[in-house]
Amino acid sequence: MSKSVSRREFLQIAGLTAGVAALAACVPAPAPGAAQSGPSSERIKLIYTTWGFGNWEDFIQMFNESQTKIEATFEQVAYDAYREKMLTSFAAGQSADVVEISSAWMAEFMSKALLADLDPFMANDPNLSMDKWLPNVFMNKMHTWEGVTYGLPSGDSPKVIWWNMDLFEQEGVKTPLEYEKEGAWNWDNFHQTVLQLTKGEGATKQYGYHTWMGRSDTDDLMRSFGGGWTNQEATEVTASDQKSIDGLQFILDIYLKDKAAPLSQQLEAMGGGQQMFMTNRLAMFMSGIWEVYGLRQAEGLRYDVAPMPMGEAGRFMFNGANALTIPTSTKHVDEAWELLAFLKSPELENKMVQGEAFMPFQKVNVETFLTKGYIPTAQVFIDALEKGWAHPLPINFNGAKMDQVVGDALGLALSEGHDAEWTVAEAAPKLAELVQ
């Protein structure tokens, strides 16, 4: 997958784009008799920046039509250049006024005092005060730093197991939710389920499971075994601990020993994991809420979600929502908050939950999500937050580099057939240079 825009990021933006017309109803019209806006040159100019693509001009125009004093424009920056350009423009005092920042980079931006404190604004906004949000939505080092809020959650969700209801029924296999109801949805039963759902050979093979095998995907599993690539504070490398190796070997075996998950060449030949799932070639995969955007459009597809399996150390479901922020370098911080508050308004979120692939972060929209969100057991996402299963990925100022190190090691392990000890030996020394 090209890093110009990630799979998650594409679907997040695509969902917003497709829903632009439907969102018009949530923009309040100017009050009767209110002064009409003058020429655009008289308005305060704001810029909203993200790496995503889509028809954002229409979306921002909705905001502009509700305003008499602000005119916002949209600026897109390619993902590969995004972090560096934002750091440079922030430092030079030439940043946009509302900026989406990847959760992997937020620690760096917050620690360098580049982002405005949002707590005073939230306290004075009855729609966005802290009591209006679901528990555990705001993640330390991703949205908050030393008790101060610098970003509002934007897109993403806890990772879950998506499962193909037709394949489970066809093979007569016990479902993840049946195991969960019995308190037995653990890694042993997960493994047994994967094997039961894997059959065939070559171009017609049916696979039991797939995940993207990055740091976030493997760290959850390793952590549930009692290990992880690093400790939660990202100050110490723990990948060489036996429990970390055991967790990593578990998932590598599914790919390399059991051959129950497709490698990159098989994925490419079959059109990718989601396409395999929609054509009954893949029974389960791990991913987030953005999958709804594609899955709900597949005619006749029956799907549902389940929580991640339990391990010896508990249940871990990576939750890495990006953040909408206001740079300290903006010359119009109050007006920037108006734009940010529009982008995170509960009315807009409600429309997105109903119409597209969107996770509610605000309590008021949970019921809509559960009844109109295109997922039979959508409660799994809410449980992940309310029951404390959702966790941030251990990150520090070097979070993006840590992702690259682990991703490179895992890629080699899968392509060359290496075990967990080799993979850890490859990644650990490089991670040791990045922990702080």
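You'll find the structure just up there.
Residues numbered from 1 in each chain as written. Predicted model: local features only at pLDDT ≥ 70, side-chain atom pairs only at ≥ 80, totals over all residues. Heavy atoms only, no water.

A. Fine view of the overall build of the protein chain. Per the secondary structure count, the protein chain includes 20 helices and twelve strands. Looking at the protein chain as a whole, 58% of its 436 residues are labelled buried. (Helix = DSSP H or I, 4+ residues; strand = E, 2+ residues; numbered from the N terminus. Buried < 20%, exposed > 50% of the residue type's maximum accessible area, 1.4 Å probe, protein only.)

B. Structural view of the side chain of Arg223. Here Arg223 lies in helix 10 (residues 215-224). The contacts of Arg223, once residues within four sequence positions are left out, are Gly228, Thr230, Asn231, Gln232, Ala313, Phe316 and Pro394. (Contact = heavy atoms within 4.5 Å.)

C. The arrangement of the packing of aromatic side chains in detail. Enumeration according to the criterion identifies 24 aromatic pairs in this entry. Aromatic side chains Phe277 and Phe285 sit 4.9 Å apart centroid to centroid with 75 degrees between the ring planes, which places their arrangement in the edge-to-face category. With respect to class, Phe277 is no different from Phe285; both count as buried. Following the ring pairs from residue to residue traces out a cluster consisting of Tyr179, Trp185, Trp187, Phe190, Tyr209, Phe225 and Phe250. Its guanidinium or amino end placed over the ring of Tyr374, Arg296 lies 4.5 Å from that ring's centre, counting from NZ or CZ. Of note, Arg315 hangs over the ring of Trp389, and the distance from its end group to the ring centre comes to 4.5 Å. (Phe/Tyr/Trp six-rings, centres within 6.5 Å; stacked < 30°, edge-to-face > 60°. Lys NZ or Arg CZ within 6 Å of the ring centre and 35° of its normal.)

D. Representation of the sheet that holds strand 7 (residues 160-164) within the structure. Strand order in the open sheet formed by three strands is 8-7-9, and the pairing between neighbours is antiparallel. Edge positions in the sheet fall to strand 8 (284-287) and strand 9 (303-306), since each has one partner strand and no second. Recorded for the sheet is a direction-independent mean angle of 30 degrees between the axes of neighbouring strands. Alignment of strand 7 against strand 8, held across four bridges, turns out to be antiparallel. If you follow Val160 over to strand 8, its bridge partner there is Ser287. (Pairing = 2+ DSSP bridges. Axes fitted to C-alpha atoms, helices over the stretch in contact; angles between N-to-C directions.)

E. Region of interest: the pairing of strand 1 (residues 44-50). Where strand 1 lies against strand 2 (residues 70-76), seven bridges are found, and the strand directions are parallel. Looking across to strand 2, one finds that Thr50 is bridged to Gln76. Bridge count between strand 1 and strand 3 (residues 98-101): two bridges; the pairing is parallel. Residue pairing across strands places Thr49 opposite Val99, the latter belonging to strand 3.

F. Summary view of the packing of helix 19 (residues 399-416) against helix 20 (residues 420-432). With their axes 9 Å apart at the nearest point, helix 19 and helix 20 run at an angle of 160 degrees to one another. The pairing of helix 19 with helix 20 is recorded here as roughly antiparallel in orientation. Helix 19 and helix 20 meet at a crossing whose hand is right-handed. Between helix 19 and helix 20, the contacting residues are Met402, Val405, Val406, Ala409, Leu410, Leu412 and Ala413 on the first element and Trp422, Thr423, Glu426, Ala427, Lys430 and Leu431 on the second. For the contact of helix 19 with helix 20, the per-class residue count stands at ten nonpolar, one polar and two charged. (Parallel < 35°, antiparallel > 145°, perpendicular 65-115°, else oblique. Left-handed = near helix turned anticlockwise from the far one by under 90°. Nonpolar A, V, L, I, M, F, W, Y, C, P; charged D, E, K, R; others polar.)

G. Broad picture of the pattern of salt bridges. In the structure shown here, the tally under the stated rule is 15 salt bridges. For the salt bridge of Lys85 with Glu75, the shortest nitrogen-to-oxygen distance reads 3.9 Å. One end of the pair, Lys85, is in helix 4 (residues 79-91); the other, Glu75, is in strand 2, with ten residues separating them in the sequence. When its relative accessible area of 40% is taken as the criterion, Lys85 is described as partly exposed. Close ionic contact of Lys430 with Glu426 constitutes a salt bridge, the shortest N to O distance being 3.3 Å. (Salt bridge = Lys/Arg side-chain N within 4 Å of Asp/Glu carboxyl O.)

H. Fine view of the sheet that holds strand 2. Within the open sheet, the five strands sit side by side as 2-1-3-11-6. Their pairing is mixed. Bordering the open sheet on either side are strand 2 and strand 6 (152-154), each of which pairs with just one other strand. Here the average twist between neighbouring strands, direction ignored, is 25 degrees. Packing of helix 4 onto the sheet brings it into contact with strand 1, strand 2 and strand 3, and relative to strand 3 it is tilted by some 140 degrees.

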